[in-house]
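Notes for the structure review
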Amino acid sequence: MLNKFLKVTLTLCFVILTTFIVSPAQETAPPNLEYQKALELIQQNKFVEALPLLEKLVPTNPNSSDFWANYSFALYARAQTLPTPEDRRRTRLAAKNAAQKAWDLGSRKSLVLELIETIPDDGGADDKFTENPKVDEALREGEAYFGRGEYEKALAAYERAHKLDPKNYEAIAFAGDTFYARKKFAESEMWFAKAVALEPDRELAFRFWGDALMAQGKVEAARDKYIDALIAEPFSRLSWEKIRNWAEASGNGWNPTGITPPGGKPFGAVTFDRTLLKAEDGTINWQRYDQMREQWRQQLFKKEFPAAKTYRHTLREEAAALRIVAETTKSDLKAGKIKKLDENLANLIKISDAGLLEAYVLFPRINDEIAEDYEEYRKNNRDKLRRYIADFLIGVKSSLSGK
């Protein structure tokens, strides 16, 4: 695991959901003894030492996502050790380009995605971890040692940063990462837990913690940490990739509960084809969705948000529109009006009855306007978000959901 300073571009999660099923390209690993030596070094987290061996293979342009992924990691590790900002920028850019090639060839490693997402298109200037120059210097020193695989020295630098500023998140999370890199997974957990307690709305330490738990075979505990990472930063592709990777590694598979109106899509804005709606399966009730949305636009928004100057599509509105569909359908079922209930409506009723409609909206049905309500909802509803992700996105029962 390489250290990183995350800066994640907001990406709507329904875009990520639609790309979870990927067929990686067929790899042709370079049949080279030097590559095998490089792999041995990489297994020991000695990325910088592996770099010269990998560079010798670049002219052959191997059609291997595995090669380009490892090359990108080694370049990024090397960048941390270079003396000048310009050298670091150029090497970060090379790492991003190598990561993009690995991705294009089919790699779905989360670190590959992280390099693509977090490195600017020009390689970027050196980021400051903090405005405190002594703390920033200690962290940068730790990164340089980490990149060279000198983990004891890296830890000493991170601990120095931590003593200078006990509330610096990176110092704590990166210190834990030095234990992870040395395969001292249980010891790393203490640091990740400390970082999580300091800033529960950042995904990095949750994700690192999940990785440490997976390395110890604690699959269910790791799942819950990955869920918490997704809740912390739901617009991060990295958070979604970790959930996908966990689902594959655990054998659970990706199993979202779908709600697709007739003629519509499972993600993004709710749409439907009115010509496909039927009374006998309950789908006629999707008309109530549009009716409720119109009520909000004309009357309810001003009533619920009197201080707002202009109308905005809110979480409350979207949940209300879906709820009226569920409640009307349940009423029709009770009255015997529905002969065979549409499966998607059955799923909508399940989610509504579980009290998780808002959580559902904030994942498959979110948009830029609804996203403005996420942080406020999360403040008092983390458990509902956990339950939705566990029960209806990955199709398992979370130990954090109380179920």
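Keep in mind it's a predicted model, so treat the numbers as computed, not measured.

So, helix H10 (residues 185-198)
Compared with the 20 Å implied by 1.5 Å per residue over 14 residues, the 20 Å span of H10 between its first and last C-alpha is a close match. Every buried residue of H10 is accounted for by Phe185, Ser188, Glu189, Trp191, Phe192, Ala195 and Val196. Taken together, the buried residues of H10 touch helix H8 (151-164), helix H9 (169-181) and helix H11 (204-215).

Here's the deal with the side chain of Lys225
With respect to the helices and strands, the residue Lys225 is situated in helix H12 (residues 219-232). Residues within four places of Lys225 in sequence aside, it is in contact with Phe206, Trp209, Gly210 and Leu213.

Here we look at the nonpolar core
Residues Trp286, Leu322, Leu348, Leu362, Phe363 and Tyr388 are the most contacted members of the largest nonpolar core, which totals 84 residues. The biggest single contributor to this core is H9, with nine residues. Grouped together as the second largest cluster of nonpolar side chains are 33 residues, Tyr71, Ala74, Ala99 and Leu111 included.

As for the packing of helix H5 (residues 85-104) against helix H6 (residues 110-118)
Close contact between H5 and H6 brings their axes to 8 Å; oriented N to C, the two are set at 130°. Taken together, the axis directions place H5 and H6 in an arrangement best described as oblique. As H5 runs across H6, the sense of the crossing is left-handed. Contacts between H5 and H6 involve Ala95, Lys96, Ala99, Gln100, Ala102 and Trp103 from the first element and Val112, Leu113, Leu115 and Ile116 from the second. Split by residue class, the contact of H5 with H6 holds eight nonpolar, one polar and one charged.

Re the packing of aromatic side chains
Tallying each qualifying case throughout the model produces 19 aromatic pairs. Among the aromatic residues, those joined into a cluster by ring pairs are Trp240, Tyr360, Phe363, Tyr388 and Phe392. In this structure, Arg108 is placed above the aromatic ring of Trp103, and the distance from its NZ or CZ to the ring centre is 3.9 Å. In this structure, Lys225 packs its charged tip against the face of Trp209, placed 4.2 Å from the ring centre.

Details of the packing of H8 against H9
Where H8 meets H9, the axes come as close as 9 Å, and the angle between the chain directions of the two elements is 160°. What the angle tells us is that H8 and H9 run roughly antiparallel. Note on packing geometry: the crossing formed by H8 with H9 is left-handed. Residues Tyr151, Ala154, Leu155, Tyr158, Ala161 and His162 of H8 form the contact with H9, whose own contacting residues are Ala171, Ile172, Phe174, Ala175, Thr178, Phe179 and Ala181. Partitioned by chemical class, the residues of the contact of H8 with H9 number 11 nonpolar, two polar and no charged.

Describing the confidence of the model for the protein
With 90% of its residues at a pLDDT of 70 or more, the protein shows a mean pLDDT of 88. Predicted confidence is poor over residues 398-403, with pLDDT under 50, and the contacts of this stretch with residues over four places away or in other chains come to 17 contacts.

Here is what the cut-offs are and how they apply
Residues numbered from 1 in each chain as written. Predicted model: local features only at pLDDT ≥ 70, side-chain atom pairs only at ≥ 80, totals over all residues. Heavy atoms only, no water. Helix = DSSP H or I, 4+ residues; strand = E, 2+ residues; numbered from the N terminus. Expected span 1.5 Å × (residues − 1). Buried < 20%, exposed > 50% of the residue type's maximum accessible area, 1.4 Å probe, protein only. Contact = heavy atoms within 4.5 Å. Core = buried A, V, L, I, M, F, W, Y, C linked by side-chain atoms within 4.5 Å. Axes fitted to C-alpha atoms, helices over the stretch in contact; angles between N-to-C directions. Parallel < 35°, antiparallel > 145°, perpendicular 65-115°, else oblique. Left-handed = near helix turned anticlockwise from the far one by under 90°. Nonpolar A, V, L, I, M, F, W, Y, C, P; charged D, E, K, R; others polar. Phe/Tyr/Trp six-rings, centres within 6.5 Å; stacked < 30°, edge-to-face > 60°. Lys NZ or Arg CZ within 6 Å of the ring centre and 35° of its normal. pLDDT = per-residue confidence, 0-100.

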